[in-house]
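Structural overview
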Amino acid sequence: MRLFVALSLPQDLRNRLGGLASGLPGARWVDPDNLHLTLRFIGEVDGREAEDVDAALSGVQGKRFSLTLSGVGQFGDERRPRALWVGVEPNEALERLQAKIETALQRAGLAPEKRKFKPHVTLARLKTHPGERLHDYIVQRSLFRAEPFEVDAFTLYSSYLANSGAIYSPEAVYPLGG
Ligand code: 2AM
């Protein structure tokens, strides 16, 4: 199975983000039900490794915290933009949680993640260059700021690639303390 660790987002926040999903031809918008903030991509594992991952994540102790999504940007360069995302206001608690998860997974035998953690919620994937409208889209939404929300857990998801697109299923939820 293909696994990743993420924060789920409250329904009203996902609806709000869903409101950003227009005005850009060629963008493949993420279904609002699938919007999430990835903390650690794990990838393909067998049943035994999945159990080790679950045990490692169960041991992560963290405190709940507040998080605010804000700003819109792109991954990829000017010539080949790959994805559109909503960013996160600087958040030390989020960085700490992500670092604890990384440490726990490495102890469980996973290879270290080489990419620097750039917290974001992917809104759309760009298969073709949307042209000048991409710049306008980002500028017009640069002041986007959602209501803060309380992060009281993190989730291990499995990802299954169906004909209709990726289906994400929560496999385990790990609560954060008060
Ligand atoms: P993305 O949102 O930036 O595309 C489930 O696929 C999640 O894991 C997605 O949120 C995706 O991040 C991330 N992901 C997918 N493949 C990845 C990879 N090879 N390395 C790191 N993250 C990946």
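Residues numbered from 1 in each chain as written. Predicted model: local features only at pLDDT ≥ 70, side-chain atom pairs only at ≥ 80, totals over all residues. Heavy atoms only, no water.

1. Points about the sheet that holds strand S2 (residues 27-29)
For the record, the criterion: When DSSP locates at least two bridges between a pair of strands, those strands are taken to pair. Only runs of H or I of at least four residues qualify as helices and only runs of E of at least two qualify as strands under DSSP, and these elements are numbered from the N terminus. Angles shown run from 0 to 180 degrees and are taken between the N-to-C directions of axes, each axis being a line fitted to C-alpha atoms and, for helices, limited to the stretch in contact.
An order of S2-S7-S6-S5 is seen for the 4 strands of this open sheet, with the pairing classed as antiparallel. In this open sheet, the two edge strands, each paired with only one partner strand, are S2 and strand S5 (69-76). Ignoring which end each strand starts from, the neighbouring axes of this sheet average 25 degrees apart. As judged from the 6 bridges shared by S5 and strand S6 (residues 81-88), these two strands associate in the antiparallel manner.

2. A short note on the pattern of salt bridges
What counts is decided by this rule: Each reported salt bridge corresponds to a side-chain nitrogen of Lys or Arg within 4 Å of a carboxyl oxygen of Asp or Glu.
By the definition in use, this model includes 4 salt bridges. Among the ionic pairs, Asp33 bridges to Arg14, the shortest N-O distance being 3.7 Å. Of this pair, Asp33 sits in the loop between S2 and strand S3 (36-44) while Arg14 sits in helix H1 (residues 11-18); the two residues are 19 residues apart in sequence, bridging distant segments of the chain. One salt bridge connects Glu92 with Arg96, and the closest N-O pair in it is separated by 3.7 Å. Linking Glu92 with Arg96, this pair stays in helix H3 (residues 92-107), spanning 4 residues, or about one helical turn.

3. Details of the site of the ligand
Definition in use: Proximity is defined per residue: any heavy atom of the residue falling within 4 Å of a molecule or strand makes that residue near it. Think of a polar contact as two N or O atoms within 3.5 Å of one another; within protein, one of them needs to be a possible hydrogen donor and the other a possible acceptor, and neighboring residues in sequence only count if both atoms come from side chains. Residue exposure ignores everything except the shown protein chains as possible cover, and the areas themselves are Shrake-Rupley values with a 1.4 Å probe. Gly is put with the polar residues, along with every residue not named as nonpolar or charged; the nonpolar set is Ala, Val, Leu, Ile, Met, Phe, Trp, Tyr, Cys and Pro, and the charged set is Asp, Glu, Lys and Arg.
The ligand sits among Arg2, Phe4, His36, Thr38, Phe41, Arg115, His120, Thr122, Arg125 and Tyr168. Between the ligand and the protein, one listed contact pairs an oxygen atom with a side-chain N or O atom of Arg125 at 2.7 Å. For the ligand, whose free accessible area comes to 470 Å², the fraction covered by protein is 71%. When contributions to the shell around the ligand are tallied by element, the ones reaching two or more residues are strand S1 (2-8), S3 and strand S7 (121-126). Here the shell around the ligand takes 3 residues from S3, the largest share from any one element. For the shell around the ligand, the per-class residue count stands at 3 nonpolar, 4 polar and 3 charged.

4. Quick word on a positive patch on the surface
Condition: Patch membership is restricted to residues that have no salt bridge and whose relative accessible area is over 30%. Joining uses 9 Å for like charges and 5 Å for the nonpolar side chains Val, Leu, Ile, Met, Phe, Trp and Tyr. Charge counting follows a simple rule: Lys and Arg are positive, Asp and Glu are negative, and His as well as the terminal groups are ignored. Charge placement uses NZ in Lys and CZ in Arg. For Asp and Glu, CG and CD serve respectively. Note on classification: 1.4 Å probe, protein chains only; a residue is buried when its accessible area is under 20% of the maximum for its type, exposed when over 50%, partly exposed between these limits.
There is a patch of like positive charges on the surface, built from Arg82, Arg115, Lys116 and Lys118. Inspection of the secondary structure puts Lys116 in the loop between H3 and S7. According to the relative accessible area criterion, Lys116 is exposed, its value standing at 69%.

5. Concerning H3
Heads up, the condition is: To estimate how far a helix should extend, the number of its residues minus one is multiplied by 1.5 Å. The contact criterion used throughout is that any non-hydrogen atoms of two residues lie within 4.5 Å.
For H3, which comprises 16 residues, the first-to-last C-alpha distance of 23 Å matches the rise-based estimate of 22 Å (1.5 Å per residue) to within 8%. Those residues of H3 that sit buried are Ala93, Leu94, Leu97, Gln98, Ile101, Glu102, Ala104 and Leu105. Where H3 is buried, its residues contact S1, S3, helix H2 (47-58), strand S4 (65-67), S6 and strand S9 (153-162). Regarding H3, its N-cap is Asn91, as a side-chain oxygen of that residue lies 3.2 Å from the backbone nitrogen of Ala93 further along.

6. Quick notes on the environment of Ala108
By secondary structure assignment, the location of Ala108 is in the loop between H3 and S7. Separated by 38 residues in the primary sequence, Ala108 and Ala146 place their C-alpha atoms 35 Å from one another. Those residues in contact with Ala108 that lie beyond four places of it in its chain are Asp52 and Ala56.

7. Thoughts on the packing of H2 against H3
How we decide: Any angle between 65 and 115 degrees counts as roughly perpendicular, while under 35 counts as roughly parallel, over 145 as roughly antiparallel, and the rest as oblique. When the near helix sits turned anticlockwise from the far one by under a right angle, the crossing is termed left-handed; a clockwise turn instead gives a right-handed crossing.
Contact geometry for H2 and H3: axes closest at 9 Å, N-to-C directions at 140 degrees. When the interaxial angle is binned, H2 and H3 end up oblique. Regarding H2 and H3, the two cross each other, and that crossing is right-handed. Contacts between H2 and H3 involve Val53, Ala56 and Leu57 from the former and Ile101, Ala104 and Leu105 from the latter. Its residues assigned to classes, the contact of H2 with H3 shows 6 nonpolar, no polar and no charged.

These values are about where atoms sit, not about what they do.
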